[in-house]
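Residue strings, one per chain:
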Amino acid sequence: MVLAADRRLVGLLLLTAVSPTVEAVVLVTSGFVAARGLAPQTAAVWPYDTYHDLRWLYVYHDSWPSFLFWLSLLVVARGLFHTVLVMLAWPGEVPRPPVRWLLRRNLGLAALVAIFVAPWALISVAASVVALSWVLLASLMPVFLLAPFLERAAVVAPWWRGLPSMSMVGWSLLNFVVLTLAGALCWSLPGWWSVLVAATAGVINGLLWNRTIRSALIDPSTRWSRVPATPVAALLALAVPLLIPPVADAVPGKNLRAEAVVLDDPLPSHVRRAVIVLAGYGSSYGGEQPPDERVERFSYRGLGPDGTPLPYLPRDTTISVADSVRLLDEQVRRLHRRTGRPVALIGESEGAMVARTYLQQGAHPAVDTLAMFSPLINAGRAYYPPPHEDRGWGVVTGWQLRFVFGAMRLIGGPSTGPDEPFIRSLVDNAPFYRNQLMCPVPGIRMVAFIPTTTAAEAPPGEYSRIPVFEIPGVHGGLLDRDLVQSRLVTFLSGEPIQQQREEYPFLQRLGAAWQAPPLAIAANPAWSEFRQPDPAFTGKVCQPTD
């Protein structure tokens, strides 16, 4: 019996090592460096393997029939694969049910887990469009919280009742840690070394399958055994995307926004530039005049008859980048005529994207300086067609995002949507934002103030060829106003500034496993006119165009 158990364990470890190895080989041979961190998840314990599958599917399908076909195939394949894994991991001292029972259970659970995980895989793809860390966190936290409840479902009959045991919670936590570290190593090590890491992670996945199944059978929880804990946990998980934005707003420094650094106090007299401050998405402006006549607030509604920026509401920030660029150009010209000074642009989040696009499209000669706060680095890594098109990469993703955001609005969630003109600008012009956003522009002094959370917003790798000032903080917020104000004034005065923090590349790599795979630029006909090199394959930005 011991020999048979050993043979089963060896078979289990070999089986769980194969699929990560195969995916890693495909990614290395194709040069798809941005997705290498996902390979260890192909044989992970539920629900992380399904989370892996659905993120690939939501990015790489081009019609409803192809989506439904591949979804059905993935569900069946997972059900069969898990049946074999459960049989190999089943402890010898516990009677095993018939194979037919295990097959029915795992095929049914494969479909059920896909339903549980699909919303969060979908939001993960949305995070790759807007490059916001809180959206990525909103996609990952529910999967992390549901994992201990779902991992026991393959072998325990009343799996939906009662709380998971502490050992199940511990193995689930270890599973998450292993996948995170393996993803970081896959990205950090060169070439074929990542295949070895993926294979090793597959073996560890096999050991985790073994211990998880054993824990579920031998150490079942008796706490709240009559309570439908799993459905309750699933319902609570639905609230996570609604809770994370207010929690992020409560982070110290969140309200110390970039525009306040310039708008609240007059600039020193030695700063010779006039300044336009472009606030971010969802901002508002009541028409208040800054204390320094050299400084203006950019208005997403344009200028009044007297040339002053018009007040605007948060909904006005949803206009397309092209419309914002047109309004910015008008405001730059008026400010330069009024002051006779060179013009510096300070943009935060959406404002940074507008200002950088303005430079790319040919800014007024008076503009010679750009400071970006919390730019959306590597935005537009996924695609979905406009509503009037019924084919194209991510077509089902687009319609499901419309449904999800519509449902969230009904229960008091954000009023945003995937087809707002600003979001559509990121999707349609993604090659530029992925490859050129953080590149130098001749004749323009540039710097980007990057908060710590940006490290988790895009796959690892080179992300900038302009000076960056990495600072502790969250997107759109500053933890050290005095430091940022001092450095920004120094930069506006004409002196260079730069600061790189040691933890930033480390945090980038830790997030590698949980990014959605980027859509290859060359694969999307909608991006064919751009002909931009793809950082997902080169691992670098600012590469020369063809």
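Residues numbered from 1 in each chain as written. Predicted model: local features only at pLDDT ≥ 70, side-chain atom pairs only at ≥ 80, totals over all residues. Heavy atoms only, no water.

J.: What's the story with unusual backbone geometry in this structure? I'm lost.
T.: Among all residues except glycine, the phi angle is most often negative; among peptide bonds, the trans geometry is most common. A cis amide bond, omega 0 degrees, links tryptophan 46 with the succeeding residue proline 47. Following the sequence through the fold, proline 47 ends up in the loop between α1 (2-30) and α2 (48-59). At serine 374, a residue that is not glycine, the phi angle is positive and equals roughly 50 degrees. Relative to the helices and strands, serine 374 is located in the loop between β4 (367-373) and α13 (395-410). In this structure serine 374 comes out as buried when scored by relative accessible area, which is 4%. One non-glycine residue, asparagine 378, adopts positive backbone phi at about 60 degrees. Note that asparagine 378 resides in the loop between β4 and α13. (Helix = DSSP H or I, 4+ residues; strand = E, 2+ residues; numbered from the N terminus. Buried < 20%, exposed > 50% of the residue type's maximum accessible area, 1.4 Å probe, protein only.)

J.: Looking at this structure, I do not really get the nonpolar core. What am I missing?
T.: Within the largest apolar cluster, 127 residues are counted, with the highest numbers of intra-cluster contacts made by Val155, Ile276, Leu328, Leu345 and Met438. Per element, the largest residue contribution to this core is 17 residues, and it comes from helix α4 (residues 99-130). Setting aside its immediate chain neighbours within four residues, leucine 345 contacts Ile276, Leu278, Leu328, Val332, Ala355, Tyr358, Val367, Thr369, Leu370 and Ala371. Listed in part, the 22 residues of the second largest apolar core include Leu263, Ala371, Phe469 and Ile497. (Core = buried A, V, L, I, M, F, W, Y, C linked by side-chain atoms within 4.5 Å. Contact = heavy atoms within 4.5 Å.)

J.: When you look at the pattern of salt bridges in this model, what are you seeing that I'm missing?
T.: Two side chains that carry opposite charge are able to pair once their charged atoms sit near each other. For the structure shown, the criterion picks out 14 salt bridges. Ionic pairing is found between arginine 214 and glutamate 93, a salt bridge with its closest N-O pair at 2.4 Å. With arginine 214 in helix α7 (residues 193-218) and glutamate 93 in the loop between α3 (64-89) and α4, the pair connects residues that are 121 residues apart, well separated along the chain. Residue classification places arginine 214 among the partly exposed positions, given a relative accessible area of 27%. Across the pair aspartate 329 and arginine 333 runs a salt bridge, and its minimum N-O distance is 2.9 Å. On the criterion of helical spacing, the pair formed by aspartate 329 and arginine 333 is a turn pair, its members being 4 residues apart in helix α11 (residues 321-339). The network of salt bridges with common partners includes Arg402, Asp419, Arg424 and Asp428. (Salt bridge = Lys/Arg side-chain N within 4 Å of Asp/Glu carboxyl O.)

Remember, this is a structural readout, not a statement about activity or role.
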